[in-house]
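Topology and contacts: notes
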Amino acid sequence: MPGEFLRGNLIRSTALFIFIFVVLVAAHWPVLRLLYFWDEAGYYIPAAYDIFSSGSFIPHSTLSNAHPPLVMLYLATAWKLFGYAPVVTRNAMLLVAALALTGVFALARHVANRSVAAASVLCTALYPVFFAQSSLAHLDLAAAAFTVWGIFFYLKRQRWLFLAAFTAAVLAKETAIITPIALYVWEALRKSERIPAAPFFRRAAASLWLLLPALPLAAWFAYHRARTGYAFGNPYFLTYNVATTLQPGRIIFAFIRRVWQLAGHMNLYALTLATGLAMFLPPHSDAGVPRNRIALPHQFLFAVVMAAHAVVFSLIGGAVLARYMLPAIPLVIIICVSTIWRRIPAWPVVIALVCGIFVAGVFINPPYVFAPEDNLAYRDYVALHQQAAQMIDEKFPKARILTAWPAADEFSKPFLGYVSTPHTILRLENFTMENLEAANQSAEFDMAVIFSSKYQPAHRLPAPEFWKRAQVRFFEDHPDTPPELAAQILGGSVVWKANRGGQWIAIIAIPQIRNA
């Protein structure tokens, strides 16, 4: 009987996984052939391409950031089987997204019920950050998928499956170790239900198995150090993501942004606000029996994992990207959906409204600065850069180009799909006036390709001056120099520019006499 039960669950989970994958492919169909965006082009695709082309787990076409190689190996394998193309990459990542959503269903059904599970999957899939990340070749989606399954196995007390899930999670992205550490601390601090009188040190010792996923991660870092001379990524990467982030002021502002990402970013406020309002209502009853809530120990456990992500990613991570919080977002959604289901009689209507607001967030940009990868704004970025690359390829095939990352990689690495032949690149840190003026002292470029490095809303929400100053000081929220002014600084002229969805790109030609 137990064997039949397990096989039945496996068959149902597999069927659900396939169904979710098919739906995801249909929903993402318009973006499946898009070229690579930002960090994809700047690191993850080159790192995977090095495995694909030479079998090297240490990237050589880009500086190694010491990220574990599981996702890059997965993509390289997909390319070996189905061919090297963006559509293969996108579909491979949608498989990971389907795995994550199947895990959300399993976890929500375990802590609540089937209705909450189905609604949680729908909300998670349509949440703009998750939707956008579902087809992008980043590490955080895989870390989220294995983390959700790991928490499920933890609650089911399936120790070996927990270890397998979190071993995969930390080999997908090193920061996935946050959750096992949080679970370890939770186990050590709280009184055990099985041994209520056990002292702290006994509980801590008994819970050490939760930290076993750190061993394969440590082995990877040791291997990376042996091959490169540094364990945790190249010195610039480590400085940007750790050394420069450990400032008290920055930590405070980063924590505020992390809380916002857990509770309000990209229309998530629609779900959390509905949850807050639902708390004023009594539990709804079915046939006179009040609906059950998620057990408090489970809610506390979810809260511990969410808090751990908010705190750790306030301490590290040079860019305060919303995708870093993806492992915790499904936990927020499950708790919110369960509360709405429990307290609002017309809960399907509320969930439908929330999903409608999420869908709007996929297409409509918010009135504040955000990373284009948080919704389909990244599609506008790719389209603009592809147009610029085609023009450079056709009219200026031998041009030496002044630009910034990641366009520097787009124009120098043909395997990314933007150009047919590599161009000589002079790299800028960013497009501030100071950097452009410094670059003007060099005569080593014929063209400049400048672009918006972030989405700037036409009508930005008002913010206090101290907040604006903090964003510039701690998070590089500097203004990009407009094309005409940039051309004036560089002594050239704008030969082409385009705008799309609040983003822009321009090509500036430098007179030959200046380069003589």
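Right, let's walk through the structure included here.

On to the overall build of the protein, then. When its secondary structure is counted, the protein shows 23 helices and seven strands. What you see for the protein is a C-alpha radius of gyration of 24 Å, in line with the 24 Å of a compact globule of 516 residues. Seen through its C-alpha atoms, the protein measures out along the principal axes to roughly 85 × 50 × 45 Å. Residue burial in the protein is summarised as follows: out of 516 residues, 54% are buried.

On to the packing of aromatic side chains. Applying the stated criterion across every chain, the model contains 31 aromatic pairs. Taken together, a centroid distance of 5.5 Å and an interplanar angle of 55° make the contact between Phe152 and Phe153 tilted. For the pair Phe152 and Phe153, a shared accessibility class is recorded, and that class is buried. Plain terms: the ring middles of Trp220 and Tyr223 are 5.8 Å apart, the flat faces sit at 40° to each other, and that makes the pair tilted. One end of the pair is Trp220 and the other is Tyr223, both in helix 11 (residues 214-228) and three residues apart, which spans about a single turn. Counting every residue linked through ring pairs, the aromatic cluster contains Phe37, Trp38, Tyr378, Tyr381, Trp405, Phe431 and Phe451. Lying over the aromatic face of Trp29, Arg33 brings its terminal NZ or CZ to 5.8 Å of the ring centre. For Arg257, the ring lying beneath its charged end belongs to Phe475, and the centroid distance is 4.7 Å.

Before going further, it helps to spend a moment on the sheet that holds strand 7 (residues 503-509). Sheet architecture is open: five strands sit in the order 4-3-5-7-6, paired in mixed fashion. The sheet is open, and its two borders are formed by strand 4 (425-428) and strand 6 (493-500), each paired with just one other strand. Within the sheet, the average angular offset between the axes of one strand and its neighbour, ignoring direction, is 20°. In terms of strand pairing, strand 3 (residues 401-404) meets strand 5 (residues 447-451) through two bridges, oriented parallel.

One water molecule sets the probe size; rolling that probe over the atoms shows where empty space is left. Under the defined criterion, the tally for this structure stands at two cavities of 30 Å³ or more. In this structure, the largest cavity encloses a volume near 60 Å³. Along the wall of the largest cavity there are 14 residues; nearest its centre are Tyr43, Phe57, Pro59, His67 and Met72. Elements with a minimum of two residues in the lining of the largest cavity: helix 2 (39-54) and helix 11. Among the elements that take part in the lining of the largest cavity, helix 2 stands out by supplying three residues, more than any other. Of the volumes computed, that of the second largest cavity is approximately 50 Å³. Looking at the second largest cavity, the residues that line it are Asp140, Ala143, Lys173, Thr175, Ala176, Ile178, His309, Phe313, Tyr324 and Pro327.

What follows deals with the pattern of salt bridges. For the structure shown, the criterion picks out 15 salt bridges. Linking Arg190 and Glu187 is a salt bridge whose minimum nitrogen-to-oxygen distance equals 3.5 Å. On the accessibility criterion, Arg190 (24% relative accessible area) is partly exposed.

A few words now on the packing of helix 4 (residues 86-111) against helix 16 (residues 329-343). Look at helix 4 against helix 16: their axes get within 11 Å of each other, and the N-to-C directions meet at 40°. By the angle between their directions, the pair helix 4 and helix 16 is classed as oblique. Classified by chirality, the crossing of helix 16 by helix 4 is right-handed. Between helix 4 and helix 16, the contacting residues are Val104, Leu107, Ala108 and Val111 on the first element and Pro330, Leu331 and Ile334 on the second. In the contact of helix 4 with helix 16, the residues fall into seven nonpolar, no polar and no charged.

All right, on to the pairing of strand 7 then. Strand 7 sits mainly inside the fold: seven of its seven residues count as buried. Taking every second residue as pointing to the same face, both faces of strand 7 are buried, with Gln503, Ile505, Ile507 and Ala509 on one and Trp504, Ala506 and Ile508 on the other. Pairing geometry for strand 5 and strand 7, over five bridges, is antiparallel. Counterpart to Met447 in the pairing with strand 7 is Ala509.

The next subject is the side chain of Asn241. Its location among the elements puts Asn241 in helix 12 (residues 235-243). Looking at Asn241, its side chain comes within polar contact range of the main-chain nitrogen of Gly318, at 3.0 Å. The residues contacting Asn241, other than those within four sequence positions of it, are Ile316, Gly317 and Gly318.

For the rest of this paragraph, the subject is helix 14 (residues 269-278). Where helix 14 is concerned, the buried positions are Ala270, Leu271, Ala274, Thr275 and Ala278. Take helix 14 and look down its axis: the buried residues cluster within an arc of 135°, on one side only. The outward face of helix 14, more than 90 degrees from its buried face, is lined by the exposed residues Leu273 and Leu277. On its buried face, helix 14 is in contact with helix 16 and helix 17 (347-363).

Next up on the list: the environment of Ala47. Locating Ala47 in the fold gives a position in helix 2. Separated by twelve residues in the primary sequence, Ala47 and Pro59 place their C-alpha atoms 4.9 Å from one another. For Ala47, the contacting residues outside a window of four places in its chain are Pro59, Thr62 and Met72.

To continue, consider the nonpolar core. Looking at soluble globular proteins, one finds that nonpolar side chains tend to be buried together. Ranked by internal contacts, the top residues of the largest apolar core, which has 174 residues, are Leu75, Leu107, Tyr154, Phe162, Leu271 and Phe302. Ranked by the residues each element gives to this core, the list is headed by helix 4, at 15 residues. Not counting residues within four places of it along the chain, the set of residues in contact with Leu107 comprises Val148, Ile151, Phe152, Leu155, Phe302, Leu331 and Ile334. In terms of nonpolar packing, the next biggest core, distinct from the first, is built from six residues, Phe253, Val320, Ala470 and Phe474 among them.

By the element assignment, Asp50 lies in helix 2. With residues near it in sequence (within four places) discarded, Asp50 still touches Gly55, Ser56, Pro59, His60, Ser61 and Thr62.

About the criteria used
Residues numbered from 1 in each chain as written. Predicted model: local features only at pLDDT ≥ 70, side-chain atom pairs only at ≥ 80, totals over all residues. Heavy atoms only, no water. Helix = DSSP H or I, 4+ residues; strand = E, 2+ residues; numbered from the N terminus. Rg over C-alpha atoms; globule rule 2.2 N^0.38 Å. Buried < 20%, exposed > 50% of the residue type's maximum accessible area, 1.4 Å probe, protein only. Phe/Tyr/Trp six-rings, centres within 6.5 Å; stacked < 30°, edge-to-face > 60°. Lys NZ or Arg CZ within 6 Å of the ring centre and 35° of its normal. Pairing = 2+ DSSP bridges. Axes fitted to C-alpha atoms, helices over the stretch in contact; angles between N-to-C directions. 1 Å grid on protein atoms, 1.4 Å probe; cavity = no way out; pocket = protein on both sides within 12 Å on 5 of 7 lines; lining within 4 Å. Points joined across faces, edges and corners; volume = space filled by probe spheres on them. Salt bridge = Lys/Arg side-chain N within 4 Å of Asp/Glu carboxyl O. Parallel < 35°, antiparallel > 145°, perpendicular 65-115°, else oblique. Left-handed = near helix turned anticlockwise from the far one by under 90°. Contact = heavy atoms within 4.5 Å. Nonpolar A, V, L, I, M, F, W, Y, C, P; charged D, E, K, R; others polar. Polar contact = N/O pair within 3.5 Å; in protein donor to acceptor, adjacent residues only side chain to side chain. Arc of directions from axis to C-beta. Core = buried A, V, L, I, M, F, W, Y, C linked by side-chain atoms within 4.5 Å.

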